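Here's the letter readout for the chains.
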Amino acid sequence: MAEDQNIEEEIDLASLSDDDLTAQMHDDLYDGLADEIAEGTNILLGRDWAPSRVLNDALVEGMRVVGIDFRDGILFVPEVLLAANAMKAGMAILRPLLAETGALPIGKVVIGTVKGDIHDIGKNLVGMMLEGAGFEVIDLGINTDVEEFLGALDEHKPDILGMSALLTTTMPYMKVVIDTLLSKSLREEYSVIVGGAPLNEEFGEAIGADAYCRDAAVAAETASRLVAERRAAAV
Ligand code: B1M
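Caption draft 1: Here's a closer look at the packing of helix α2 (residues 34-46) against helix α3 (residues 51-71). Where α2 contacts α3, the two axes come as close as 10 Å, and the packing angle between them is 135 degrees. Taken together, α2 and α3 sit at an angle that is classed as oblique. Our pair here, α2 against α3, has a crossing hand that is right-handed. Seen from α2, the contacting residues are Ile 37, Thr 41, Leu 44 and Leu 45; seen from α3, they are Pro 51, Val 54, Ala 58 and Leu 59. In terms of residue class, the contact of α2 with α3 is made up of seven nonpolar, one polar and no charged.

Caption draft 2: Here's a closer look at the environment of Gly 204. Examined against the element boundaries, Gly 204 turns out to sit in helix α8 (residues 201-207). Taking C-alpha positions, Gly 204 is 18 Å from Leu 186, a pair spaced 18 residues apart along the chain. Beyond its immediate stretch of four places on either side in the chain, Gly 204 contacts Val 194, Ala 209 and Tyr 212.

Caption draft 3: Quick look at the side chain of His 26. If you trace the backbone, His 26 turns up in helix α1 (residues 18-30). Only 2.8 Å separates the side chain of His 26 from the backbone oxygen of Asp 57, close enough to count as a polar contact. Beyond its immediate chain neighbours, meaning those up to four positions away, His 26 contacts Asp 57, Ala 58, Glu 61 and Gly 62.

Caption draft 4: Just the coordination of the cobalt atom of the ligand, in detail. A lone protein donor contacts the cobalt atom of the ligand, and this donor is His 119 (NE2), found at 2.2 Å. With respect to the helices and strands, His 119 occurs in the loop between β1 (107-113) and α5 (121-132).

Quick notes on the rules
- Residues numbered from 1 in each chain as written.
- Predicted model: local features only at pLDDT ≥ 70, side-chain atom pairs only at ≥ 80, totals over all residues.
- Heavy atoms only, no water.
- Axes fitted to C-alpha atoms, helices over the stretch in contact; angles between N-to-C directions.
- Helix = DSSP H or I, 4+ residues; strand = E, 2+ residues; numbered from the N terminus.
- Parallel < 35°, antiparallel > 145°, perpendicular 65-115°, else oblique.
- Left-handed = near helix turned anticlockwise from the far one by under 90°.
- Contact = heavy atoms within 4.5 Å.
- Nonpolar A, V, L, I, M, F, W, Y, C, P; charged D, E, K, R; others polar.
- Polar contact = N/O pair within 3.5 Å; in protein donor to acceptor, adjacent residues only side chain to side chain.
- Donors = N, O, S within 2.8 Å, 3.2 Å for Na, K, Ca; no water.

Listed below in structure tokens is the structure:
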């Protein structure tokens, strides 16, 4: 066999059409290729794609496919971690672009993934979109317990508390946090928004959140609305 037949062909991402490039990026995300995802992200931006379009069409859509195959037992945790890492490489490039507003902060948000849960891609996206909408975001990271939430609320005095959960086993912890705020007579001090794939409107209402947000864009719109309402009520 000729030696060069063994060498895998390198794909020149820059030579692909937009459609082929996004399809290739879905494959690269699936394969956990962080460098290729960073390169593809930069190429699409160089073609004047809006950062939000790169995020949604190239990255989030690719991660959706990863999620389906994870659910169906085709992909396993190590592969999904690599995919998540590749997604983060693209998000790191988009983050400053999505956050570019130049305006003074319109409000403050403390956000975290709840105790027992280490999923942070969606929460990070929400943080990025909130920054893009003009919020200062204090991100407590993953596996955040009620004491950490309370400590951050006390320290930063935000307008909004945001909680994320991706597991049906961790979403009830959001109620633990809200109930603790109630028991300490602190609930009225903050608007509470919640989100994550297994949640829905009904769950948000049942645990006493101010709003359930289905995605990062809705979270940014909802946070802006809630802050405006709080300010109007305070006048
Ligand atoms: Co996990 N995982 N995972 N996982 N993982 C899910 C969530 C799962 C649905 C996969 C599946 O079975 N199809 C499933 C949960 C099933 C369930 O509870 N019903 C699952 C499981 C079971 C697990 C483990 C238990 C697997 C195991 O160990 N056997 C384990 C749990 C670990 C733990 O947390 N204790 C686990 C581990 C992992 C990895 C570490 C490998 C990795 C996480 C890496 C990371 O985040 N750094 C991972 C991943 C990547 C996923 C999937 C594939 C993708 C999640 C994601 O990033 N989506 C996921 C399948 C899926 O959701 N399709 C899955 C992309 C992201 C942009 O979307 O996070 O939904 P999402 O965020 C959206 C909205 O939900 C919303 O806006 C975001 C952007 O638009 N949103 C908010 C989210 N938070 C919000 C907060 C808001 C507002 C909106 O306000 C504050």
